[in-house]
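Single-letter residue listing:
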Amino acid sequence: MNFIELFNMVAVVARPAHAGETHATSMDEKLADIGIDSLDGLVMMMYLCELYGIPDDDETKGWHPETVQQVYDLLMSRKTKEPASVEEAREAIK
């Protein structure tokens, strides 16, 4: 599965309806540069942790990734499951 596609889908779900849609195009993009503020990032991480089966514990509360790659690395280091597709993930977080 393409992580950037998944990341962008979760960003659209997590961000307020009035927010402009700016999508990540590479793993090196900084979250701030694509309009992901701290609240958007928190909501996104809640969804992503759910999708990847990562428990909500003290360790995840300290996550403050700055790039898409850092989000990916954090998820991969603790995942217990993985969505089969972006479509499956979209259904899971509706």
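Structure report, in brief. Note that this is a predicted model, so its numbers are computed, not measured.

Notes on the packing of aromatic side chains
Item 1. Per the counting criterion, the structure on display carries two aromatic pairs.
Item 2. With a centroid separation of 6.3 Å and an interplanar angle of 45 degrees, the aromatic rings of F3 and F7 are classed as tilted. Of this pair, F3 and F7 are both found in helix α1 (residues 3–14), four residues apart, which corresponds to roughly one turn of the helix.
Item 3. Owing to a relative accessible area of 7%, F3 belongs among the buried residues under this scheme.
Item 4. Clustering of aromatic rings is evident, with ring pairs tying together F3, F7 and Y72.

Describing α1
Item 1. For α1, built from 12 residues, the straight-helix expectation of 16 Å at 1.5 Å per residue is met to within 8% by its first-to-last C-alpha distance of 16 Å.
Item 2. Regarding α1, the residues found buried are F3, I4, L6, F7, N8, M9, V10, A11 and A14.
Item 3. Contact partners of the buried residues in α1: α2 (38–51), α4 (68–78) and α5 (86–92).

Here we look at the nonpolar core
Note that soluble globular proteins tend to have their nonpolar side chains buried in a common cluster.
Item 1. Membership of the largest hydrophobic core comes to 27 residues, with the highest contact counts inside it found for F3, L6, F7, L48 and L75.
Item 2. When contributions to this core are tallied by element, the ones reaching two or more residues are α1, α2, α4 and α5.
Item 3. Apart from residues no more than four positions distant in its own chain, L6 is found in contact with M1, L48, L51, Y52, P83, V86 and A89.

Considerations on α4
Item 1. Every buried residue of α4 is accounted for by V68, V71, L75 and R78. One side of α4 holds all its buried residues, which, seen down the axis, span an arc of 115 degrees.

Quick look at the pattern of salt bridges
Item 1. Counted by the stated rule, this structure contains three salt bridges.
Item 2. K94 serves as the salt-bridge partner of E91, at 3.2 Å between the closest nitrogen and oxygen. By the burial criterion, E91 is exposed, and K94 matches it.

Topic: a nonpolar patch on the surface
Item 1. A contiguous nonpolar patch, built from L39, L42 and M46 and spanning about 330 Å² of accessible area, is present on the exposed surface.
Item 2. Judged by its relative accessible area of 54%, M46 falls in the exposed class.

Definitions and cut-offs
Residues numbered from 1 in each chain as written. Predicted model: local features only at pLDDT ≥ 70, side-chain atom pairs only at ≥ 80, totals over all residues. Heavy atoms only, no water. Phe/Tyr/Trp six-rings, centres within 6.5 Å; stacked < 30°, edge-to-face > 60°. Helix = DSSP H or I, 4+ residues; strand = E, 2+ residues; numbered from the N terminus. Buried < 20%, exposed > 50% of the residue type's maximum accessible area, 1.4 Å probe, protein only. Expected span 1.5 Å × (residues − 1). Contact = heavy atoms within 4.5 Å. Core = buried A, V, L, I, M, F, W, Y, C linked by side-chain atoms within 4.5 Å. Arc of directions from axis to C-beta. Salt bridge = Lys/Arg side-chain N within 4 Å of Asp/Glu carboxyl O. Patch = residues over 30% accessible without salt bridge, like charges linked within 9 Å, V, L, I, M, F, W, Y side chains within 5 Å. Areas by Shrake-Rupley, 256 points an atom, 1.4 Å probe, with all protein chains shown as cover.

By themselves, these figures tell us nothing about what the structure is for.
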